[in-house]
Amino acid sequence: MRKPLIVANWKMHGTQTFVRRFIAALEEGKDALRQPEAEARVVICPPFPYLLSLVEQLGTGLGAKVLVGAQDVNAQKDGAFTGEVSASMLSDCNAHYVIVGHSERRHLCAESDLLVAQKFAAAQIAGLTPILCVGETLRQREQGLTLEVIAKQLQSVAELPGVDMTRQLVVAYEPVWAIGSGKTATPQQAQEVHHFIREQLGEAGSRIQLLYGGSVKSTNAKSLFAEIDIDGALVGGASLEAQEFLNICRLAGATCSVG
Ligand code: PEP
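Reference entry: report on the structure contained in this document.

Reading guide: rules and limits
Residues numbered from 1 in each chain as written. Predicted model: local features only at pLDDT ≥ 70, side-chain atom pairs only at ≥ 80, totals over all residues. Heavy atoms only, no water. Helix = DSSP H or I, 4+ residues; strand = E, 2+ residues; numbered from the N terminus. Rg over C-alpha atoms; globule rule 2.2 N^0.38 Å. Buried < 20%, exposed > 50% of the residue type's maximum accessible area, 1.4 Å probe, protein only. Contact = heavy atoms within 4.5 Å. Areas by Shrake-Rupley, 256 points an atom, 1.4 Å probe, with all protein chains shown as cover. Lys, Arg positive; Asp, Glu negative; His and termini not counted. Charge placed at Lys NZ, Arg CZ, Asp CG, Glu CD. Near = heavy atom within 4 Å. Polar contact = N/O pair within 3.5 Å; in protein donor to acceptor, adjacent residues only side chain to side chain. Nonpolar A, V, L, I, M, F, W, Y, C, P; charged D, E, K, R; others polar. Phe/Tyr/Trp six-rings, centres within 6.5 Å; stacked < 30°, edge-to-face > 60°. Pairing = 2+ DSSP bridges. Axes fitted to C-alpha atoms, helices over the stretch in contact; angles between N-to-C directions. Salt bridge = Lys/Arg side-chain N within 4 Å of Asp/Glu carboxyl O. Expected span 1.5 Å × (residues − 1).

## Quick notes on the overall build of the protein chain
Okay, so step 1: Scanning the protein chain for helices and strands turns up 10 helices and 8 strands.
Okay, so step 2: For 259 residues, the compact-globule estimate of 2.2 N^0.38 gives 18 Å, and the C-alpha radius of gyration of the protein chain, at 17 Å, lies within 12% of that figure.
Okay, so step 3: For the protein chain, the spread of C-alpha atoms along the three principal axes comes to 45 × 45 × 35 Å.
Okay, so step 4: Per-residue burial for the protein chain yields a buried fraction of 54% across its 259 residues.
Okay, so step 5: Pairs at least 24 residues apart make up 76% of the contacts formed inside the protein chain by residues separated by at least 6 positions.
Okay, so step 6: When the accessible area of the protein chain is evaluated, it comes to approximately 11500 Å², of which 53% is carbon and sulfur surface.
Okay, so step 7: Positive and negative charge centroids in the protein chain, built from 23 and 27 side chains respectively, lie 3 Å apart.

Structure follows, in structure tokens:
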């Protein structure tokens, strides 16, 4: 059975003080982190410098409800790659998840489908759960290419030797035009793509958590979570405000139709 999942992507935001205050707010609002009828799992992906301190501050109390993920990983095991971070380092620091293929990295850092696939494989090999982001640009949607683009992004990962698409992964559908833009896909638009992704994943599709990402807020989350194939959200901007983030977590626990 799939459980709701909410992932915070803090991007390049935050300070040590921000992290401390966020944890204090989570502690106060922890009722939101576990719902009796449907446990919502929560993951926070901070910038690298705050990852270990976040793990330590969550401790064993909040840490049972909130896991930590990274926003990126290098595809290589180790070596002379100045400035890079390997999957085994993330695992060593008790991260459990890592985002791969975020559109900001695909577009701003020119990450190819192949590189994304290699990062996905490196994450799985190190025992991390990759959160694979896929999504079309506005132009591709207007040209009617949405499903073709998503299929290609999924296929390039599935085809890489060493990748196992039947275990330990999350897919986030993030239409590029909806990220940080204030525009959200309608629940119907999102559901159509989520259903397609599930089909593309074959037999494992019914077990894999599929998240929607793109300007999710507490005001639009409920209608998105009500869709049968939407298991939660990857939240950028709204994850920087603790109360707003907790409200989204509450809505996921109460609304996501767990399949
Ligand atoms: C994201 O960064 O993955 C994202 C969805 O951002 P936002 O919620 O700000 O659109």
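Next comes the rest of the account.
## Re the site of the ligand
Okay, so step 1: In the region of the ligand, 14 residues are neighbours, and Lys 11, Glu 174, Gly 180, Ser 215 and Gly 237 sit closest.
Okay, so step 2: Contact distances for the ligand include 2.9 Å between an oxygen atom and a side-chain N or O atom of His 102.
Okay, so step 3: Between an oxygen atom of the ligand and a side-chain N or O atom of Glu 174, the distance comes to 2.7 Å.
Okay, so step 4: If the ligand stood free it would expose 290 Å²; the protein chains cover 96% of that surface.
Okay, so step 5: Each residue belonging to the shell around the ligand can be placed in one class, and the counts come to 4 nonpolar, 8 polar and 2 charged.

## Thoughts on the side chain of Glu 111
Okay, so step 1: Tracing the chain through its elements places Glu 111 in the loop between helix 4 (103-108) and helix 5 (113-125).
Okay, so step 2: With a relative accessible area of 7%, Glu 111 lands in the buried category.
Okay, so step 3: At a separation of 2.7 Å, a polar atom in the side chain of Glu 111 contacts the side chain of Lys 119.
Okay, so step 4: Excluding anything up to four places from it in sequence, Glu 111 contacts Asp 72, Arg 105, Arg 106, Val 116 and Lys 119.

## Description of the packing of aromatic side chains
Okay, so step 1: Enumeration according to the criterion identifies 5 aromatic pairs in this entry.
Okay, so step 2: A ring pair is formed by Phe 18 and Phe 22, whose centres lie 5.7 Å apart and whose planes are at 45°; its orientation type is tilted. Here Phe 18 pairs with Phe 22, and both are found in helix 1 (residues 16-28), just 4 residues apart, close to one helical turn.
Okay, so step 3: Both rings, one in Phe 22 and one in Phe 245, keep their centres 6.1 Å apart while their planes meet at 45°; by these two values the pair is tilted.

## Side note on the sheet that holds strand 5 (residues 129-134)
Okay, so step 1: On the basis of which strands lie adjacent, the closed barrel formed by 8 strands has the order 1-2-3-4-5-6-7-8 and parallel pairing. Strand-to-strand twist across the sheet, computed as the mean angle between neighbouring axes with direction ignored, equals 25°.
Okay, so step 2: Here strand 6 (residues 170-173) runs beside strand 7 (residues 209-213); their pairing, made up of 4 bridges, is parallel. The partner of Val 171 across the bridge, within strand 7, is Leu 210.
Okay, so step 3: Here helix 7 (residues 146-158) sits on the sheet in contact with strand 5 and strand 6, set at roughly 150° to strand 5.
Okay, so step 4: Packed on one face of the sheet, helix 8 (residues 187-200) meets strand 5, strand 6 and strand 7 and runs near 150° to strand 7.

## Observations regarding the pairing of strand 1 (residues 5-9)
Consecutive side chains along a regular strand alternate between the two faces of the sheet.
Okay, so step 1: Burial runs high along strand 1: 5 of the 5 residues are buried.
Okay, so step 2: Pairing geometry for strand 1 and strand 2 (residues 41-45), over 5 bridges, is parallel. Bridge pairing in strand 2 places Val 7 opposite Val 43.
Okay, so step 3: The pairing of strand 1 with strand 8 (residues 232-235) spans 4 bridges and is parallel. When the sheet's bridge partners are listed, Ile 6 is paired in strand 8 with Ala 233.

## Considerations on the pattern of salt bridges
Okay, so step 1: One pass over the full model with this rule turns up 13 salt bridges.
Okay, so step 2: In this structure, Lys 119 and Asp 72 form a salt bridge, with 2.7 Å as the shortest nitrogen-oxygen distance. On the criterion of sequence distance, the pair formed by Lys 119 in helix 5 and Asp 72 in the loop between strand 3 (66-70) and helix 3 (87-92) is long-range, its members being 47 residues apart. Across this residue pair, the class does not change: Lys 119 and Asp 72 are buried.

## Observations concerning helix 5
Okay, so step 1: Counted at 1.5 Å a residue, the expected span for helix 5 with its 13 residues is 18 Å, and the 18 Å between its end C-alpha atoms agrees.
Okay, so step 2: Where helix 5 is concerned, the buried positions are Val 116, Ala 117, Lys 119, Phe 120, Ala 121, Ala 122, Ala 123 and Gln 124.
Okay, so step 3: Each element contacted by the buried residues of helix 5 is listed here: helix 3, strand 4 (97-100), helix 4, strand 5 and helix 7.
Okay, so step 4: Within two residues after helix 5, Gly 127 carries a phi angle of roughly 85°, on the positive side.

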